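This is what each chain is made of:
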Amino acid sequence: MIYSSAFCQFQITCMIVGALLALAAGKPWASEHKSLLLSLNQQLLRSVETRDQPPNPSVHIALRLSTEHNLAKESEHLTRLKTEFHDEIEKSLGNGELVLGRLALYILALRSSCHDLQSLHVNHNHLRETLLIHLKKEIEEEKQNIAFSHRPKTNYYQYSLGILALCVSGVRVSAHVSHKLMHAVEHGQIKHGESVCIDSHAMAGMALQCLKHEGTAVKDNAELDRTLDTIRQRLLNSKRANGHMGGEFSTGLVVQALLAMGIEVEECAAAFEALWEDVKKGTYHNPIAASQVLPALQHQSYLELKSKECRREDDTLTMDAESAPEALPSHGQVSLQVEVIEASGASSVFSIDVPKGSTLFEALSLLQNKRIGFTFSTEESLWGAFLSVVNEEQARQTDRRYWLVSSEGTSVTQGIKDYKIVSAQHITIKNTGY
Ligand code: B12
(Lines give C-alpha, C1' and ligand atoms only; values in the text may rest on other atoms or scores of the structure.)
Protein backbone atom coordinates (compact mmCIF):
# COMPACT_ATOMS: atom_id res chain seq x y z
CA MET A 1 0.00 0.00 0.00
CA ILE A 2 2.73 2.35 1.07
CA TYR A 3 4.56 1.28 -2.09
CA SER A 4 1.59 2.02 -4.37
CA SER A 5 0.88 5.49 -2.86
CA ALA A 6 4.57 6.41 -3.23
CA PHE A 7 4.42 5.14 -6.82
CA CYS A 8 1.32 7.27 -7.40
CA GLN A 9 3.07 10.38 -6.09
CA PHE A 10 6.04 9.56 -8.30
CA GLN A 11 3.72 9.27 -11.32
CA ILE A 12 2.05 12.62 -10.58
CA THR A 13 5.44 14.28 -10.19
CA CYS A 14 6.51 12.74 -13.51
CA MET A 15 3.37 14.04 -15.18
CA ILE A 16 3.98 17.56 -13.87
CA VAL A 17 7.65 17.47 -14.89
CA GLY A 18 6.61 16.06 -18.26
CA ALA A 19 4.09 18.83 -18.79
CA LEU A 20 6.67 21.45 -17.84
CA LEU A 21 9.20 19.90 -20.20
CA ALA A 22 6.68 19.88 -23.03
CA LEU A 23 5.96 23.54 -22.39
CA ALA A 24 9.63 24.30 -22.34
CA ALA A 25 10.14 22.39 -25.59
CA GLY A 26 7.56 24.67 -27.19
CA LYS A 27 9.50 27.59 -25.70
CA PRO A 28 7.10 30.33 -26.72
CA TRP A 29 9.75 32.91 -25.68
CA ALA A 30 12.45 31.23 -27.76
CA SER A 31 11.00 32.35 -31.06
CA GLU A 32 10.39 35.84 -29.69
CA HIS A 33 14.04 36.03 -28.59
CA LYS A 34 15.13 34.78 -31.98
CA SER A 35 13.28 37.56 -33.78
CA LEU A 36 14.50 40.20 -31.30
CA LEU A 37 18.08 39.02 -31.90
CA LEU A 38 17.58 39.19 -35.63
CA SER A 39 16.17 42.71 -35.45
CA LEU A 40 19.07 43.90 -33.24
CA ASN A 41 21.55 42.31 -35.63
CA GLN A 42 19.85 43.93 -38.62
CA GLN A 43 19.75 47.29 -36.85
CA LEU A 44 23.54 47.09 -36.45
CA LEU A 45 24.01 46.06 -40.07
CA ARG A 46 21.86 49.00 -41.18
CA SER A 47 23.96 51.36 -39.06
CA VAL A 48 27.14 50.40 -40.97
CA GLU A 49 25.35 51.03 -44.26
CA THR A 50 24.62 54.64 -43.40
CA ARG A 51 27.44 56.60 -44.97
CA ASP A 52 26.79 59.65 -42.81
CA GLN A 53 27.90 57.65 -39.74
CA PRO A 54 31.63 57.09 -39.31
CA PRO A 55 32.71 53.43 -39.09
CA ASN A 56 32.53 52.16 -35.52
CA PRO A 57 34.88 49.36 -34.33
CA SER A 58 32.56 48.38 -31.49
CA VAL A 59 29.75 47.76 -33.97
CA HIS A 60 32.12 45.72 -36.12
CA ILE A 61 33.07 43.50 -33.18
CA ALA A 62 29.41 42.83 -32.40
CA LEU A 63 28.63 41.95 -36.02
CA ARG A 64 31.60 39.62 -36.15
CA LEU A 65 30.83 37.91 -32.82
CA SER A 66 27.28 37.26 -33.96
CA THR A 67 26.20 33.86 -35.22
CA GLU A 68 24.58 35.33 -38.34
CA HIS A 69 26.55 37.32 -40.88
CA ASN A 70 26.36 39.42 -43.98
CA LEU A 71 29.95 38.85 -45.06
CA ALA A 72 29.95 41.40 -47.90
CA LYS A 73 28.69 44.24 -45.68
CA GLU A 74 31.07 43.27 -42.88
CA SER A 75 33.98 43.29 -45.29
CA GLU A 76 33.00 46.75 -46.61
CA HIS A 77 32.84 48.02 -43.05
CA LEU A 78 36.27 46.56 -42.32
CA THR A 79 37.64 48.49 -45.29
CA ARG A 80 36.12 51.70 -43.94
CA LEU A 81 37.71 51.03 -40.55
CA LYS A 82 41.09 50.50 -42.22
CA THR A 83 40.80 53.78 -44.10
CA GLU A 84 38.53 56.32 -42.38
CA PHE A 85 38.95 55.16 -38.77
CA HIS A 86 42.66 54.52 -39.26
CA ASP A 87 43.09 58.07 -40.65
CA GLU A 88 41.23 59.52 -37.65
CA ILE A 89 43.62 57.73 -35.32
CA GLU A 90 46.66 59.07 -37.17
CA LYS A 91 45.15 62.55 -37.14
CA SER A 92 44.65 62.38 -33.35
CA LEU A 93 48.23 61.15 -32.93
CA GLY A 94 49.37 64.12 -35.01
CA ASN A 95 47.54 66.37 -32.49
CA GLY A 96 49.44 64.73 -29.65
CA GLU A 97 46.37 62.91 -28.29
CA LEU A 98 46.36 59.48 -26.68
CA VAL A 99 44.36 57.05 -28.78
CA LEU A 100 44.52 54.10 -26.40
CA GLY A 101 40.82 53.12 -26.30
CA ARG A 102 40.06 53.71 -29.96
CA LEU A 103 43.22 51.89 -31.05
CA ALA A 104 42.38 48.96 -28.77
CA LEU A 105 38.84 48.75 -30.18
CA TYR A 106 40.26 48.98 -33.71
CA ILE A 107 42.65 46.10 -33.01
CA LEU A 108 39.81 44.03 -31.50
CA ALA A 109 37.72 44.77 -34.60
CA LEU A 110 40.55 43.65 -36.90
CA ARG A 111 41.02 40.55 -34.77
CA SER A 112 37.29 39.83 -35.02
CA SER A 113 37.75 39.67 -38.81
CA CYS A 114 40.93 37.56 -38.43
CA HIS A 115 42.94 40.33 -40.11
CA ASP A 116 46.73 40.06 -40.04
CA LEU A 117 47.65 42.59 -37.35
CA GLN A 118 51.30 42.80 -38.32
CA SER A 119 50.41 44.21 -41.74
CA LEU A 120 48.95 47.48 -40.43
CA HIS A 121 50.98 50.45 -39.24
CA VAL A 122 50.47 53.92 -37.84
CA ASN A 123 52.66 56.78 -38.94
CA HIS A 124 53.39 59.62 -36.58
CA ASN A 125 56.42 61.70 -35.58
CA HIS A 126 58.23 60.26 -38.62
CA LEU A 127 57.86 56.83 -37.03
CA ARG A 128 56.14 53.84 -38.59
CA GLU A 129 54.99 51.28 -36.04
CA THR A 130 52.67 48.31 -36.16
CA LEU A 131 49.36 48.92 -34.40
CA LEU A 132 50.30 46.47 -31.65
CA ILE A 133 53.69 48.10 -30.99
CA HIS A 134 52.02 51.48 -30.77
CA LEU A 135 49.31 50.15 -28.44
CA LYS A 136 52.02 48.70 -26.21
CA LYS A 137 53.73 52.08 -26.07
CA GLU A 138 50.51 53.92 -25.17
CA ILE A 139 49.70 51.47 -22.45
CA GLU A 140 53.21 51.86 -21.03
CA GLU A 141 52.70 55.62 -21.12
CA GLU A 142 49.42 55.27 -19.24
CA LYS A 143 51.14 53.03 -16.71
CA GLN A 144 53.60 55.88 -16.06
CA ASN A 145 50.73 58.36 -15.77
CA ILE A 146 49.11 56.13 -13.15
CA ALA A 147 52.43 55.83 -11.31
CA PHE A 148 52.88 59.62 -11.18
CA SER A 149 49.34 60.94 -10.82
CA HIS A 150 47.50 57.83 -9.56
CA ARG A 151 45.22 57.74 -12.59
CA PRO A 152 45.46 57.28 -16.32
CA LYS A 153 45.15 60.26 -18.67
CA THR A 154 42.33 58.46 -20.47
CA ASN A 155 40.42 56.20 -18.06
CA TYR A 156 40.50 52.66 -16.69
CA TYR A 157 37.91 51.54 -19.23
CA GLN A 158 40.38 52.32 -22.01
CA TYR A 159 43.34 50.96 -20.03
CA SER A 160 41.44 47.66 -19.70
CA LEU A 161 40.49 47.69 -23.39
CA GLY A 162 44.21 48.09 -24.16
CA ILE A 163 45.16 45.09 -22.01
CA LEU A 164 42.35 43.04 -23.55
CA ALA A 165 43.38 43.92 -27.11
CA LEU A 166 47.01 42.95 -26.47
CA CYS A 167 45.95 39.75 -24.72
CA VAL A 168 43.55 38.50 -27.41
CA SER A 169 46.19 39.33 -30.04
CA GLY A 170 48.69 37.10 -28.28
CA VAL A 171 50.99 39.95 -27.17
CA ARG A 172 52.46 39.66 -23.70
CA VAL A 173 51.19 42.26 -21.23
CA SER A 174 53.82 43.43 -18.77
CA ALA A 175 53.25 42.47 -15.13
CA HIS A 176 53.63 46.15 -14.15
CA VAL A 177 50.81 47.13 -16.49
CA SER A 178 48.37 44.52 -15.16
CA HIS A 179 49.37 45.26 -11.56
CA LYS A 180 48.31 48.91 -11.96
CA LEU A 181 44.82 47.79 -13.01
CA MET A 182 44.50 45.30 -10.16
CA HIS A 183 45.65 47.94 -7.69
CA ALA A 184 43.07 50.43 -8.98
CA VAL A 185 40.27 47.86 -8.60
CA GLU A 186 41.35 46.86 -5.12
CA HIS A 187 41.59 50.51 -4.02
CA GLY A 188 38.19 51.54 -5.42
CA GLN A 189 39.71 54.00 -7.90
CA ILE A 190 37.54 53.11 -10.89
CA LYS A 191 34.78 55.70 -11.13
CA HIS A 192 32.31 57.17 -13.65
CA GLY A 193 32.08 60.74 -12.45
CA GLU A 194 31.40 60.30 -8.73
CA SER A 195 30.12 56.72 -8.62
CA VAL A 196 31.72 53.31 -9.08
CA CYS A 197 32.06 52.63 -12.82
CA ILE A 198 30.41 49.29 -13.48
CA ASP A 199 31.25 49.34 -17.21
CA SER A 200 34.95 49.76 -16.44
CA HIS A 201 34.80 46.93 -13.90
CA ALA A 202 33.25 44.72 -16.58
CA MET A 203 36.00 45.64 -19.05
CA ALA A 204 38.70 45.14 -16.38
CA GLY A 205 37.18 41.75 -15.59
CA MET A 206 37.40 40.61 -19.21
CA ALA A 207 40.97 41.94 -19.55
CA LEU A 208 42.22 40.24 -16.38
CA GLN A 209 40.32 37.04 -17.13
CA CYS A 210 42.08 36.93 -20.50
CA LEU A 211 45.46 37.20 -18.76
CA LYS A 212 44.45 34.37 -16.45
CA HIS A 213 43.32 32.15 -19.35
CA GLU A 214 46.56 32.81 -21.18
CA GLY A 215 48.66 32.11 -18.11
CA THR A 216 50.33 35.53 -18.57
CA ALA A 217 52.92 36.16 -15.88
CA VAL A 218 51.62 38.69 -13.34
CA LYS A 219 53.33 40.19 -10.29
CA ASP A 220 51.35 38.05 -7.91
CA ASN A 221 48.94 35.27 -8.90
CA ALA A 222 47.06 35.53 -5.60
CA GLU A 223 46.47 39.23 -6.31
CA LEU A 224 45.02 38.36 -9.75
CA ASP A 225 42.59 35.85 -8.21
CA ARG A 226 41.64 38.28 -5.46
CA THR A 227 40.98 41.08 -7.97
CA LEU A 228 38.90 38.82 -10.19
CA ASP A 229 36.84 37.88 -7.13
CA THR A 230 36.39 41.54 -6.20
CA ILE A 231 35.25 42.41 -9.71
CA ARG A 232 32.87 39.44 -9.88
CA GLN A 233 31.37 40.44 -6.53
CA ARG A 234 31.00 44.12 -7.51
CA LEU A 235 29.35 43.14 -10.78
CA LEU A 236 26.95 40.76 -9.02
CA ASN A 237 26.20 43.43 -6.39
CA SER A 238 25.31 45.92 -9.13
CA LYS A 239 22.08 43.99 -9.73
CA ARG A 240 18.97 46.14 -9.46
CA ALA A 241 15.41 45.14 -8.64
CA ASN A 242 14.46 45.34 -12.34
CA GLY A 243 17.26 42.97 -13.36
CA HIS A 244 19.63 45.61 -14.73
CA MET A 245 23.24 45.30 -13.67
CA GLY A 246 24.47 48.86 -13.04
CA GLY A 247 21.96 50.36 -15.46
CA GLU A 248 20.33 49.56 -18.79
CA PHE A 249 23.49 50.62 -20.65
CA SER A 250 25.91 48.65 -18.46
CA THR A 251 24.00 45.35 -18.36
CA GLY A 252 25.30 44.02 -21.70
CA LEU A 253 28.94 44.47 -20.73
CA VAL A 254 28.36 43.13 -17.22
CA VAL A 255 26.74 39.97 -18.59
CA GLN A 256 29.62 39.55 -21.06
CA ALA A 257 32.13 39.89 -18.23
CA LEU A 258 30.30 37.50 -15.89
CA LEU A 259 30.07 34.85 -18.62
CA ALA A 260 33.77 35.34 -19.41
CA MET A 261 34.49 34.87 -15.71
CA GLY A 262 32.70 31.53 -15.65
CA ILE A 263 29.29 32.50 -14.24
CA GLU A 264 26.54 30.28 -15.67
CA VAL A 265 23.94 31.75 -18.05
CA GLU A 266 21.18 30.65 -15.63
CA GLU A 267 22.67 32.79 -12.87
CA CYS A 268 22.21 35.86 -15.09
CA ALA A 269 18.55 35.05 -15.86
CA ALA A 270 17.16 38.31 -14.44
CA ALA A 271 19.73 40.37 -16.35
CA PHE A 272 18.85 38.56 -19.60
CA GLU A 273 15.17 39.21 -18.97
CA ALA A 274 15.89 42.93 -18.47
CA LEU A 275 17.97 43.00 -21.68
CA TRP A 276 15.19 41.36 -23.73
CA GLU A 277 12.68 43.86 -22.33
CA ASP A 278 14.96 46.76 -23.28
CA VAL A 279 15.52 45.39 -26.79
CA LYS A 280 11.75 45.16 -27.17
CA LYS A 281 11.33 48.77 -25.98
CA GLY A 282 14.00 50.01 -28.43
CA THR A 283 16.27 51.24 -25.61
CA TYR A 284 19.37 50.33 -27.63
CA HIS A 285 18.65 52.44 -30.70
CA ASN A 286 22.14 53.98 -30.49
CA PRO A 287 24.33 51.51 -32.48
CA ILE A 288 27.14 51.44 -29.92
CA ALA A 289 24.66 50.65 -27.15
CA ALA A 290 23.31 47.77 -29.26
CA SER A 291 26.86 46.63 -30.01
CA GLN A 292 27.61 46.07 -26.32
CA VAL A 293 24.39 44.11 -25.83
CA LEU A 294 24.23 41.81 -28.88
CA PRO A 295 27.23 39.61 -27.89
CA ALA A 296 25.81 39.18 -24.37
CA LEU A 297 22.44 38.06 -25.73
CA GLN A 298 24.26 35.42 -27.81
CA HIS A 299 26.20 34.31 -24.69
CA GLN A 300 29.43 35.67 -26.15
CA SER A 301 32.06 37.98 -24.72
CA TYR A 302 35.03 39.88 -26.14
CA LEU A 303 37.21 37.07 -24.80
CA GLU A 304 35.91 34.88 -27.64
CA LEU A 305 37.92 37.04 -30.06
CA LYS A 306 41.02 35.21 -28.89
CA SER A 307 39.99 31.99 -30.58
CA LYS A 308 37.99 33.42 -33.50
CA GLU A 309 38.85 31.58 -36.70
CA CYS A 310 36.50 33.07 -39.31
CA ARG A 311 36.01 29.75 -41.11
CA ARG A 312 32.79 28.36 -42.55
CA GLU A 313 30.77 31.35 -41.43
CA ASP A 314 27.07 31.78 -41.96
CA ASP A 315 26.20 34.34 -44.65
CA THR A 316 22.44 34.61 -44.39
CA LEU A 317 21.91 37.95 -42.67
CA THR A 318 19.99 40.33 -44.87
CA MET A 319 18.74 43.81 -44.23
CA ASP A 320 14.98 43.81 -44.18
CA ALA A 321 13.39 47.06 -45.14
CA GLU A 322 13.54 49.19 -42.05
CA SER A 323 10.24 49.38 -40.31
CA ALA A 324 9.39 53.07 -40.39
CA PRO A 325 10.18 54.64 -37.01
CA GLU A 326 7.04 55.21 -35.05
CA ALA A 327 6.00 58.76 -35.84
CA LEU A 328 5.35 60.20 -32.42
CA PRO A 329 2.44 62.58 -32.68
CA SER A 330 3.60 65.78 -31.08
CA HIS A 331 1.21 66.62 -28.27
CA GLY A 332 2.00 70.27 -27.97
CA GLN A 333 4.75 71.88 -26.01
CA VAL A 334 6.43 71.16 -22.69
CA SER A 335 8.23 73.74 -20.63
CA LEU A 336 11.87 73.27 -19.89
CA GLN A 337 14.17 75.05 -17.50
CA VAL A 338 17.86 74.78 -18.23
CA GLU A 339 20.21 75.70 -15.43
CA VAL A 340 23.88 76.14 -16.25
CA ILE A 341 26.34 75.93 -13.36
CA GLU A 342 29.80 77.09 -14.38
CA ALA A 343 33.07 75.92 -12.85
CA SER A 344 33.11 79.05 -10.64
CA GLY A 345 29.74 78.04 -9.19
CA ALA A 346 27.92 80.89 -10.96
CA SER A 347 24.53 79.74 -12.13
CA SER A 348 22.04 80.98 -14.71
CA VAL A 349 18.59 79.63 -15.55
CA PHE A 350 16.94 79.74 -18.98
CA SER A 351 13.33 78.82 -19.79
CA ILE A 352 11.86 77.62 -23.03
CA ASP A 353 8.87 75.67 -24.35
CA VAL A 354 9.83 72.83 -26.69
CA PRO A 355 7.79 70.30 -28.70
CA LYS A 356 7.09 67.24 -26.60
CA GLY A 357 9.42 64.40 -27.63
CA SER A 358 12.30 66.69 -28.69
CA THR A 359 15.78 65.45 -27.93
CA LEU A 360 17.73 67.50 -25.43
CA PHE A 361 20.02 68.48 -28.31
CA GLU A 362 17.04 69.87 -30.25
CA ALA A 363 15.79 71.67 -27.15
CA LEU A 364 19.20 73.24 -26.49
CA SER A 365 19.42 74.29 -30.16
CA LEU A 366 16.04 76.05 -29.88
CA LEU A 367 17.25 77.76 -26.73
CA GLN A 368 20.44 78.85 -28.48
CA ASN A 369 18.43 80.24 -31.40
CA LYS A 370 16.47 82.48 -28.99
CA ARG A 371 19.73 84.43 -28.46
CA ILE A 372 19.11 85.01 -24.76
CA GLY A 373 22.64 84.19 -23.66
CA PHE A 374 22.72 80.39 -23.97
CA THR A 375 25.21 78.76 -26.37
CA PHE A 376 26.67 75.29 -26.62
CA SER A 377 28.76 73.03 -28.83
CA THR A 378 29.55 69.33 -28.99
CA GLU A 379 32.36 66.96 -29.99
CA GLU A 380 31.79 63.71 -31.85
CA SER A 381 32.62 60.40 -30.18
CA LEU A 382 31.73 56.74 -30.66
CA TRP A 383 28.65 57.37 -28.51
CA GLY A 384 27.61 60.43 -30.52
CA ALA A 385 27.57 64.10 -29.54
CA PHE A 386 29.43 64.85 -26.30
CA LEU A 387 28.50 68.24 -24.81
CA SER A 388 31.83 70.04 -24.48
CA VAL A 389 31.26 73.81 -24.43
CA VAL A 390 28.42 75.72 -22.73
CA ASN A 391 28.20 79.51 -22.66
CA GLU A 392 31.72 79.59 -24.06
CA GLU A 393 33.10 77.63 -21.11
CA GLN A 394 34.80 74.39 -22.04
CA ALA A 395 34.79 71.43 -19.65
CA ARG A 396 37.97 69.74 -20.82
CA GLN A 397 38.71 66.08 -20.34
CA THR A 398 42.38 67.08 -20.19
CA ASP A 399 41.51 69.10 -17.03
CA ARG A 400 39.37 66.19 -15.79
CA ARG A 401 36.18 68.18 -16.14
CA TYR A 402 32.92 67.56 -18.01
CA TRP A 403 29.41 68.95 -18.29
CA LEU A 404 27.31 66.66 -16.10
CA VAL A 405 23.71 66.58 -17.31
CA SER A 406 20.92 65.96 -14.79
CA SER A 407 17.16 66.06 -14.86
CA GLU A 408 15.41 67.01 -11.59
CA GLY A 409 18.69 66.34 -9.81
CA THR A 410 19.24 62.86 -11.25
CA SER A 411 22.07 62.23 -13.68
CA VAL A 412 20.62 61.37 -17.10
CA THR A 413 21.58 57.99 -18.55
CA GLN A 414 21.87 59.04 -22.20
CA GLY A 415 23.62 61.63 -24.32
CA ILE A 416 21.97 64.86 -25.44
CA LYS A 417 21.02 63.50 -28.87
CA ASP A 418 19.32 60.43 -27.37
CA TYR A 419 17.66 61.90 -24.27
CA LYS A 420 14.05 62.85 -25.04
CA ILE A 421 12.04 65.58 -23.33
CA VAL A 422 8.60 64.08 -22.76
CA SER A 423 7.50 66.11 -19.76
CA ALA A 424 8.17 69.50 -18.20
CA GLN A 425 11.43 69.40 -16.30
CA HIS A 426 14.44 71.18 -14.85
CA ILE A 427 17.68 70.23 -16.59
CA THR A 428 20.96 71.06 -14.90
CA ILE A 429 24.19 71.26 -16.87
CA LYS A 430 27.02 71.50 -14.39
CA ASN A 431 30.73 71.89 -15.04
CA THR A 432 32.00 69.08 -12.85
CA GLY A 433 35.44 67.77 -11.92
CA TYR A 434 36.19 64.04 -11.74
C1 B12 B 1 34.76 57.18 -19.08
C2 B12 B 1 33.33 57.57 -19.38
C3 B12 B 1 32.96 58.89 -19.16
C4 B12 B 1 33.94 59.99 -18.79
C5 B12 B 1 34.74 60.37 -20.06
C6 B12 B 1 36.00 61.15 -19.84
C7 B12 B 1 37.17 60.31 -19.41
N8 B12 B 1 38.28 60.75 -19.32
O9 B12 B 1 37.16 59.21 -19.17
C10 B12 B 1 32.98 61.11 -18.28
C11 B12 B 1 32.87 61.01 -16.75
C12 B12 B 1 33.32 62.54 -18.66
C13 B12 B 1 31.64 60.67 -18.89
C14 B12 B 1 30.57 61.52 -19.00
C15 B12 B 1 29.29 61.12 -19.37
N16 B12 B 1 28.88 59.89 -19.59
CO17 B12 B 1 30.13 58.40 -19.79
N18 B12 B 1 31.16 56.87 -20.00
C19 B12 B 1 32.43 56.60 -19.86
C20 B12 B 1 32.74 55.10 -20.15
C21 B12 B 1 32.92 54.39 -18.81
C22 B12 B 1 33.94 54.83 -21.03
C23 B12 B 1 34.01 55.70 -22.29
C24 B12 B 1 35.24 55.36 -23.10
O25 B12 B 1 36.33 55.76 -22.76
N26 B12 B 1 35.04 54.57 -24.16
C27 B12 B 1 36.12 54.06 -25.02
C28 B12 B 1 36.53 55.07 -26.08
C29 B12 B 1 37.51 54.44 -27.04
O30 B12 B 1 35.37 55.44 -26.85
P31 B12 B 1 35.11 57.00 -27.17
O32 B12 B 1 33.75 57.13 -27.69
O33 B12 B 1 36.22 57.60 -27.92
O34 B12 B 1 35.15 57.61 -25.67
C35 B12 B 1 34.78 58.94 -25.39
C36 B12 B 1 33.28 59.16 -25.43
O37 B12 B 1 32.62 57.96 -25.12
C38 B12 B 1 33.07 60.22 -24.38
N39 B12 B 1 31.89 59.90 -23.54
C40 B12 B 1 31.91 59.40 -22.32
N41 B12 B 1 30.67 59.22 -21.86
C42 B12 B 1 29.85 59.64 -22.85
C43 B12 B 1 28.47 59.68 -22.90
C44 B12 B 1 27.86 60.14 -24.06
C45 B12 B 1 26.38 60.14 -24.10
C46 B12 B 1 28.64 60.60 -25.16
C47 B12 B 1 27.98 61.11 -26.38
C48 B12 B 1 30.04 60.54 -25.09
C49 B12 B 1 30.61 60.06 -23.94
O50 B12 B 1 34.23 60.25 -23.54
C51 B12 B 1 35.10 59.18 -23.92
C52 B12 B 1 36.54 59.56 -23.64
O53 B12 B 1 36.92 60.66 -24.40
C54 B12 B 1 31.42 54.66 -20.88
C55 B12 B 1 31.09 53.17 -20.71
C56 B12 B 1 30.76 52.45 -21.99
N57 B12 B 1 30.01 51.37 -21.84
O58 B12 B 1 31.14 52.78 -23.08
C59 B12 B 1 30.40 55.61 -20.22
C60 B12 B 1 29.10 56.00 -20.96
C61 B12 B 1 29.40 56.15 -22.43
N62 B12 B 1 28.70 57.30 -20.38
C63 B12 B 1 27.46 57.44 -20.28
C64 B12 B 1 26.80 58.63 -19.86
C65 B12 B 1 25.31 58.57 -19.67
C66 B12 B 1 27.52 59.81 -19.63
C67 B12 B 1 26.92 61.19 -19.34
C68 B12 B 1 25.80 61.57 -20.29
C69 B12 B 1 26.46 61.24 -17.85
C70 B12 B 1 25.75 62.52 -17.48
N71 B12 B 1 24.56 62.39 -16.95
O72 B12 B 1 26.23 63.61 -17.64
C73 B12 B 1 28.17 62.11 -19.47
C74 B12 B 1 28.30 62.86 -20.82
C75 B12 B 1 27.66 64.24 -20.75
C76 B12 B 1 28.11 65.16 -21.86
N77 B12 B 1 28.89 66.16 -21.51
O78 B12 B 1 27.72 65.00 -23.00
C79 B12 B 1 26.70 56.21 -20.73
C80 B12 B 1 26.08 56.43 -22.12
C81 B12 B 1 24.77 55.68 -22.30
C82 B12 B 1 24.01 56.18 -23.49
N83 B12 B 1 23.03 55.44 -23.91
O84 B12 B 1 24.23 57.20 -24.06
C85 B12 B 1 27.81 55.12 -20.66
C86 B12 B 1 27.63 53.96 -21.63
C87 B12 B 1 27.85 54.59 -19.20
C88 B12 B 1 26.61 53.79 -18.87
N89 B12 B 1 26.70 52.48 -18.87
O90 B12 B 1 25.57 54.32 -18.60
N91 B12 B 1 31.68 59.41 -19.25
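Residues numbered from 1 in each chain as written. Predicted model: local features only at pLDDT ≥ 70, side-chain atom pairs only at ≥ 80, totals over all residues. Heavy atoms only, no water.

Undergrad: How should I be thinking about the pattern of salt bridges in this particular structure?
TA: When charged atoms on two side chains of opposite charge get close, those side chains can pair. All chains considered together, the criterion is met by 18 salt bridges. The residue Glu32 makes a salt bridge to Lys280 at a minimum N-O spacing of 3.2 Å. Taken as a pair, Glu32 in helix α2 (residues 28–49) and Lys280 in helix α12 (residues 269–281) lie far apart in primary sequence, 248 residues in all. Residue class for Glu32 comes out partly exposed when judged on its relative accessible area of 31%. The class for Lys280 is partly exposed, based on a relative accessible area of 42%. Lys306 is the partner of Glu214 in a salt bridge, and the nearest nitrogen-oxygen pair spans 3.4 Å. Here Lys306 lies in the loop between α13 (287–297) and β5 (333–341) and Glu214 lies in helix α9 (residues 198–214), a separation of 92 residues in the sequence. Residue classification places Glu214 among the partly exposed residues on the basis of a relative accessible area of 38%. (Salt bridge = Lys/Arg side-chain N within 4 Å of Asp/Glu carboxyl O. Helix = DSSP H or I, 4+ residues; strand = E, 2+ residues; numbered from the N terminus. Buried < 20%, exposed > 50% of the residue type's maximum accessible area, 1.4 Å probe, protein only.)

Undergrad: Just to check I follow, could you spell out the UniProt feature "binding site: cyanocob(III)alamin" (unreviewed entry) in the protein chain for this structure?
TA: According to UniProt, the "binding site: cyanocob(III)alamin" (unreviewed entry) feature falls on Thr154, Asn155, Tyr156, Tyr157, Gln158, Asp199, Gln292 and Tyr434. Spatially, the listed residues are scattered: they cover 281 residues, and their C-alpha atoms lie as much as 24.7 Å apart. Counting through the fold element by element, Tyr157 comes out in helix α7 (residues 156–168). When neighbours within four sequence positions are excluded, Tyr157 is seen to be in contact with Asp199, Ser200, Met203, Leu253 and Gln292. Here Gln292 lies in helix α13. Given a relative accessible area of 5%, Gln292 falls into the buried group. (UniProt positions renumbered as here; feature names shortened; annotations may be inferred. Contact = heavy atoms within 4.5 Å.)

Undergrad: What's the story with the environment of Thr428 in this structure? I'm lost.
TA: Looking at where Thr428 falls in the secondary structure, it is placed in strand β14 (residues 425–433). Thr428 sits 269 residues away from Tyr159 along the chain, and the two C-alpha atoms are 31 Å apart. In contact with Thr428, other than residues within four places in its own chain, are Glu339, Ile341, Leu404, Val405 and Ser406.

Undergrad: Would you explain the side chain of Asn431 in this entry?
TA: With respect to the helices and strands, Asn431 occurs in strand β14. A polar contact is formed between the side chain of Asn431 and the side chain of Arg401, at a distance of 2.7 Å. If sequence neighbours within four positions are ignored, Asn431 has contacts with Ile341, Glu342, Ala343, Glu393, Gln394, Ala395, Arg401, Tyr402 and Trp403. (Polar contact = N/O pair within 3.5 Å; in protein donor to acceptor, adjacent residues only side chain to side chain.)

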